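Examination of the molecular architecture
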2 protein chains.
Amino acid sequence: MNDTLQVTSGSAGVFNKIRDSIVNGRYSYNERLPSERDLATRYKAARGTIRSALEQLEQASMVRRKFGSGTFVTYKNDFDHEDIAEETSPLELIEARLAIEPYIVKLVVLNANNRDLNRLEQALEQANNTDHDPEAFSQADEAFHLMLATCSQNPLLIWIYQRINDIRSHNQWSARKANILTPLKIRAYNEQHRQLLEAIRHRDQIEASDIISSHLKQARQDITGVG
Amino acid sequence: MNDTLQVTSGSAGVFNKIRDSIVNGRYSYNERLPSERDLATRYKAARGTIRSALEQLEQASMVRRKFGSGTFVTYKNDFDHEDIAEETSPLELIEARLAIEPYIVKLVVLNANNRDLNRLEQALEQANNTDHDPEAFSQADEAFHLMLATCSQNPLLIWIYQRINDIRSHNQWSARKANILTPLKIRAYNEQHRQLLEAIRHRDQIEASDIISSHLKQARQDITGVG
DNA sequence: TTTTTATGGTTCAAATTTGGTCTGAACAAA
DNA sequence: TTTGTTCAGACCAAATTTGAACCATAAAAA
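Residues numbered from 1 in each chain as written. Chains lettered and ligands numbered in written order. Predicted model: local features only at pLDDT ≥ 70, side-chain atom pairs only at ≥ 80, totals over all residues. Heavy atoms only, no water.

**Digging into the interface of chain A and chain B**
Stated formally: By the convention used here, residues are in contact when the closest approach between their heavy atoms is within 4.5 Å. Computed with a 1.4 Å rolling probe, the buried area is the accessible surface lost when two parts are put together, summed over both parts. For this analysis, a salt bridge means a side-chain nitrogen from Lys or Arg found within 4 Å of a carboxyl oxygen belonging to Asp or Glu. Counting of polar contacts relies on pairs of N or O atoms within 3.5 Å, with two restrictions inside protein: one atom must be capable of donating a hydrogen and the other of accepting it, and residues adjacent in sequence are counted only when both atoms are side-chain atoms. Under the DSSP-based scheme used, a helix requires at least four consecutive residues in state H or I and a strand at least two consecutive residues in state E, with every element numbered from the N terminus. Side-chain classes follow a simple rule in which Ala, Val, Leu, Ile, Met, Phe, Trp, Tyr, Cys and Pro form the nonpolar group, Asp, Glu, Lys and Arg form the charged group, and the remainder, Gly included, forms the polar group.
Listed as interface residues are 41 residues of chain A and, on the opposing side, 43 residues of chain B. Both sides together, the interface formed by chain A and chain B hides about 3600 Å², and carbon and sulfur atoms give 57% of it. Sorting the residues of chain A by area buried against chain B places Y103, L156 and W159 of chain A first, and these three jointly supply 18% of that buried surface. There are 2 salt bridges connecting chain A and chain B. The salt bridge involving E58 of chain B is made with R119 of chain A; its shortest N-O contact spans 3.4 Å. Here chain A and chain B share 7 residue pairs in polar contact (both at pLDDT 80 or more) between them. Mapped onto the side of chain A that touches chain B, the elements with two or more residues apiece are α2 (36–42), α4 (83–87), α5 (90–111), α6 (114–128), α7 (134–151) and α8 (155–170) of chain A. Element by element, the count of residues in the side of chain A that touches chain B is highest for α5 of chain A, at 9 residues. Across the side of chain A that touches chain B, the residue classes tally to 22 nonpolar, 6 polar and 13 charged.

This is the structure:
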């Protein structure tokens, strides 16, 4: 017939079936797929065939495979695409964060207790193990900054930051992550996070606020390609 | 035993199930989850697996765990802004505005064109004729500050400020407006607005940012009754 | 107040699960 | 033939799960 006809056999067939299951929501974001051996019996194929299909899915950035752990869906279905997410450019997003986060950090310095600091430390370490995985770092980075907002103890600011994060994950910038987030960049960002947490630990409002400001300005430069 | 629909297993599966229970309202905001040992029997998993899932939920800022007390839902459904409006105190609202408005003003100084300045002038004059009407001034004041956000030209910041204004008009502070907004206070606020607009006209970023900061700090004082 | 109870926090080792790798045979298409 | 794919099985290495015990805290009960 024509080239739109789907292949239904072999690894290409398995690839198509799993891909459809993902885009149709049968397997949703962050969900773990059945094990390769399990998939093999389901699709009545050899494990090697399944692995070949999973490699293609990974190549297509739809899943991420973790040694000894499983295969996880990284594809996001845009159900709740709010208009505002469409209208906001990566640069405008950074500007908004530049507006709100330095003040959030000041509040964190004032309000954070030891438990909050431990949670920030955890979030930071999550991000520290992602040198070579832009997608993983991006997720951990979102979680770290949201945790900062959470530690401000201000429900309105937390709510606002949740909205920012929603937009962040639907933003056009997502497409360029892989280009911008080199291992070197990721390490630099992680180092800035570390410095920020130290400043918070020392209850140094001005230092902490300055660090988050330059952190975001750095990100702005990296996005615009200036510098 | 896996012929039928297979849900994700392990801690990832428990995480998904509990997360869904939370977003679907099965466990609602501030509610305490069953104990870890209880969840372990419910989900037929070891306590360690449950703890792993709860750690993921905590990292996602959906629950908060209290030593010796329990695990509590911190996730809020963002569908109705009424909730966040009810949970936000007048002080927290001012704090959020203090976070965002100074930066908005800086952007206005950078981006505002003559047409924007005229719009601000109009909004300001609207507020100038309301010396003896707290309700009218309050509305005009909201409009003026929203116009500032609009002049920042950043759609995300505009959207955020619209949400802030929504909350502002639903906030508990409304009840105390009549007490706080004396004619004297209204004139003082209007004067500060005037100075702000002048600073914007002179493209003085620092001056404009300082004025809006002290303007809001003044409002914070008036609310808390300090000073 | 003191005591008790329930809860989350921690540690440990064994068992299990999972993705990663390799081999060789069977099969189909060029 | 040659080439590429699929299949089936085995083993490796990493991560998770399990089950149990014990600790520290907070709230309830006495």
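So that's the structure; there's more coming.
**Considerations on helix α5 (residues 90–111) of chain B**
Filter applied, for reference: Multiplying 1.5 Å by the residue count of a helix minus one yields the expected span of that helix. A 1.4 Å probe rolled over the protein chains alone gives each residue an accessible area, and that area as a share of the maximum for its type sets the label: buried under 20%, exposed over 50%, partly exposed in between.
The end-to-end C-alpha distance of α5 of chain B, which contains 22 residues, comes to 30 Å, matching closely the 32 Å that a straight helix rising 1.5 Å per residue would cover. Most of α5 of chain B is tucked away: 17 of the 22 residues are buried.

**Observations concerning the domain arrangement of chain A**
How we decide: Source of the domain bounds: an automatic or database domain assignment.
Taken as a whole, chain A is organised into domain 1 (10–73) and domain 2 (83–224). Its C-alpha centre places domain 1 of chain A at a distance of 32 Å from the equivalent point of domain 2 of chain A.

**Examining the protein's contact with DNA strand C**
How we decide: Put simply, a residue is near a molecule or strand once any heavy atom of it comes within 4 Å of that molecule or strand.
The environment of DNA strand C is formed by 27 residues, the closest being E36, R37 and R47 of chain A together with E36 and R47 of chain B. Within 4 Å of the protein, the contacting atoms of DNA strand C are drawn from sugar and phosphate to the extent of 52%. A distance of 2.7 Å separates a base oxygen of DNA strand C from a polar side-chain atom of R47 of chain A. Sorting the residues of the surface near DNA strand C by element identifies α2, α3 (47–59), β1 (63–66) and β2 (70–73) of chain A together with α2 (36–42), α3 (47–59), β1 (63–66) and β2 (70–73) of chain B as the ones contributing at least two each. Of the residues contributing to the surface near DNA strand C, the split by class is 2 nonpolar, 10 polar and 15 charged.

**Topic: the layout of surface pockets**
The condition is simple: Grid points spaced at 1 Å and placed over the protein atoms alone form the basis of the search, with a cavity being a set where a 1.4 Å probe fits but cannot get out and a pocket an open set showing protein on both sides within 12 Å along at least five of seven lines. Lining residues have an atom within 4 Å of a point. Grid points are joined across faces, edges and corners, and a volume is the space filled by probe spheres set on the points.
In this structure, the second largest pocket occupies an estimated 760 Å³ of space. Going through the elements one at a time, α5 and α11 (205–224) of chain A together with α5 and α11 (205–224) of chain B are the ones with two or more residues in the lining of the second largest pocket. Here the lining of the second largest pocket is built from residues that sort into 14 nonpolar, 6 polar and 10 charged.

**Focus: the packing of aromatic side chains**
Selection rule: Whether two aromatic rings pair depends on their centres lying within 6.5 Å, for rings of Phe, Tyr and Trp, where Trp uses its six-membered ring; planes under 30 degrees apart make the pair stacked, over 60 edge-to-face, and the rest tilted. Only when the NZ of Lys or the CZ of Arg is both within 6 Å of the ring centre and within 35 degrees of the ring normal is a charge said to sit over the ring.
Tallied over the entire structure, the rule returns 2 aromatic pairs over all chains. Centre to centre, the rings of F137 of chain A and Y189 of chain A are 6.1 Å apart; their planes meet at 20°, and the pair counts as stacked. Placement of the pair is F137 of chain A in helix α7 and Y189 of chain A in helix α10 (residues 183–201), with a sequence separation of 52 residues. We note that F137 of chain A, like Y189 of chain A, is buried. The lysine or arginine in question, R26 of chain B, covers the ring of Y27 of chain B, its NZ or CZ lying 4.9 Å from the ring centre. The side chain of K66 of chain B reaches across the aromatic face of F72 of chain B, ending 5.6 Å from its centre.

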